[in-house]
Every structure is written in C-alpha cells, then in structure tokens.
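Report on the structure
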Amino acid sequence: MILKNRHNNLEIILEESVLKEIETIAVQHYPNEFGGFLLGKYSEDFKSVVIESIILPYKYKASPVLFQRSTKDLEKFFIKEYHENSRYYIGEWHSHPDGSTMYSGTDLNAMIETAESDEVQIKNPLLLIISISKKKMQNFTFYYYSEKKLFAYE
C-alpha cells in the first residue's frame, strides 16, 4: 500500500502485514489505547519510507483515552534492528478505541518532544493513529511532523 502526503510530496510504502500486526495488537488491548514504534527504511532521496516492522514498549500506561509509552530498555532493540536489518526508528503508532484517527494536542506535543529530543536522530517523525472497535480496526491515518504541525497522508 502506498500513501502520499500532498503537503510535501512524500510517500509511505506500508507492508500490509505490519498494518495487520498493529491491528491485532491494538484490538487485544481494547478498550485501552496502545501503541509502539515504527521501523523502516528511507529511499536514497528521502522522498519515500518503507515501514517494515514495529517494536512494542515494555513499560507503558494505558486507559481508554491515554497511552504513555516508555523507551526504557529498548535502545538495544533499536540498535539491533539497525545493525542486522538496516532499519531505522521512523515514528510511532497508537490506537484510539471507539474514536477517530484525528490527533490530539497530546499527540502533537509528543511528536514535538520526539523531534526536539537530543536522543532521537529524526526531525520529521511519522505518527500512525488507528481507530479500533472491540473486534477490528475501523480506520487509520498517518501524519508527517514538520515545524510543530502534523500533516495527513492520503
């Protein structure tokens, strides 16, 4: 599946199996929000990114309207993915149980913190929000972070 962002003419190439894995995990955590990290590879011109896998947090807080993940103890997994598979951290995903795929102020602030963090080497992280019901994913939206704003892919 290929998604395009009209704001900056960038594209996401999404492995269907990754989206299915995200859906399965999110539904298992219903009615609470849940999420994780997106891993993938950039094209040489940085106009495309292929999302190939995810990493889940070990520590998190979740409720029907909140998901806070910790990166504690995950650094070795990110390093392993880079060295063994040439995969980079490219962003994050989380679910909105029985909600829309529109981002919240909390979601935007989390992307701002990520982009401005000295520990993260990415200035334009992606954000995937999926809307789920008790049994399945209803919808999903990818966002590209730039200059303290989020821009949707189609």
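What comes next concerns the included structure. Quick caveat: nothing in here was measured; it's all calculated off a predicted structure. (Residues numbered from 1 in each chain as written. Predicted model: local features only at pLDDT ≥ 70, side-chain atom pairs only at ≥ 80, totals over all residues. Heavy atoms only, no water.)

Focus: the nonpolar core
Rules: In these notes, a set of buried Ala, Val, Leu, Ile, Met, Phe, Trp, Tyr and Cys residues joined through side-chain atoms within 4.5 Å is what counts as a nonpolar core. Three labels apply to residues, based on accessible area from a 1.4 Å probe with only protein chains included: buried if under 20% of the type maximum, exposed if over 50%, partly exposed otherwise in between. Strands here mean DSSP runs of E at least two residues long; helices mean DSSP runs of H or I at least four residues long; both are numbered from the N terminus. Contacts are assigned to residue pairs that have any heavy atoms within 4.5 Å of one another.
Counting residues in each nonpolar core, the largest one holds 27 residues, and the members touching the most others are Ile12, Leu38, Ile51, Trp93 and Phe142. Every element with two or more residues in this core is listed here: β2 (10–14), α1 (16–29), β4 (48–55), β7 (88–97), β8 (126–132) and β9 (137–146). Not counting residues within four places of it along the chain, the set of residues in contact with tryptophan 93 comprises Ile22, Ile25, Ala26, Phe34, Gly35, Gly36, Phe37, Leu38, Ile54, Leu56 and Leu128. Listed in part, the 9 residues of the second largest apolar core include Met111, Leu127, Tyr143 and Leu150.

Comments concerning the pattern of salt bridges
This is how it is decided: The term salt bridge refers to a pairing of a side-chain nitrogen on Lys or Arg with a carboxyl oxygen on Asp or Glu at a separation within 4 Å.
The full count for this structure, using the stated rule, is 8 salt bridges. Salt-bridge contacts for glutamate 11 lead to lysine 4; the nearest nitrogen and oxygen are separated by 2.9 Å. Look at lysine 4 and you get partly exposed, because its relative accessible area is 44%. Here glutamate 116 ties to lysine 148 by a salt bridge, and the two come within 2.5 Å at their closest N and O atoms. Taken together, the residues glutamate 116 in helix α3 (residues 105–116) and lysine 148 in the loop between β9 and β10 (149–152) connect sequence positions 32 residues apart. On the accessibility criterion, glutamate 116 (48% relative accessible area) is partly exposed. Overlapping salt bridges bring together Lys41, Glu52, Glu81 and Arg87 as one network.

Looking at the environment of asparagine 8
The condition that has to hold: Here a polar contact is recorded for every N or O atom pair within 3.5 Å, except that within protein the pair must consist of a potential hydrogen donor and a potential acceptor, and residues adjacent in sequence are included only if both atoms are side-chain atoms.
Among the secondary structure elements, asparagine 8 is positioned in the loop between β1 (2–5) and β2. Sequence-wise, asparagine 8 and phenylalanine 151 are 143 residues apart; in three dimensions their C-alpha atoms are separated by 8.9 Å. Other than its neighbours up to four places away in sequence, asparagine 8 contacts Lys47 and Tyr144. Reaching out from asparagine 8, the side chain makes a polar contact with the backbone nitrogen of leucine 10 at a distance of 3.2 Å.

Quick word on the sheet that holds β1
Put simply, the rule reads: Any two strands with at least two DSSP bridges between them are considered paired. Inter-axis angles, ranging from 0 to 180 degrees, are taken between N-to-C directions of lines fitted to C-alpha atoms, where helices are fitted over the stretch in contact.
Spatially, β1-β2-β4-β3-β7-β8-β9-β10 is the arrangement adopted by the 8 strands of the open sheet, whose pairing is mixed. Edge positions in the sheet fall to β1 and β10, since each has one partner strand and no second. Between one strand axis and the next, the sheet turns through 35° on average, direction left out of account. Judged from the 6 bridges that link them, strand β3 (residues 35–42) and β4 form a sheet pairing that is antiparallel. Bridge pairing links leucine 39 to serine 53 in β4. Sheet strands in contact with α3 are β7, β8, β9 and β10, and its direction is about 165° off that of β7.

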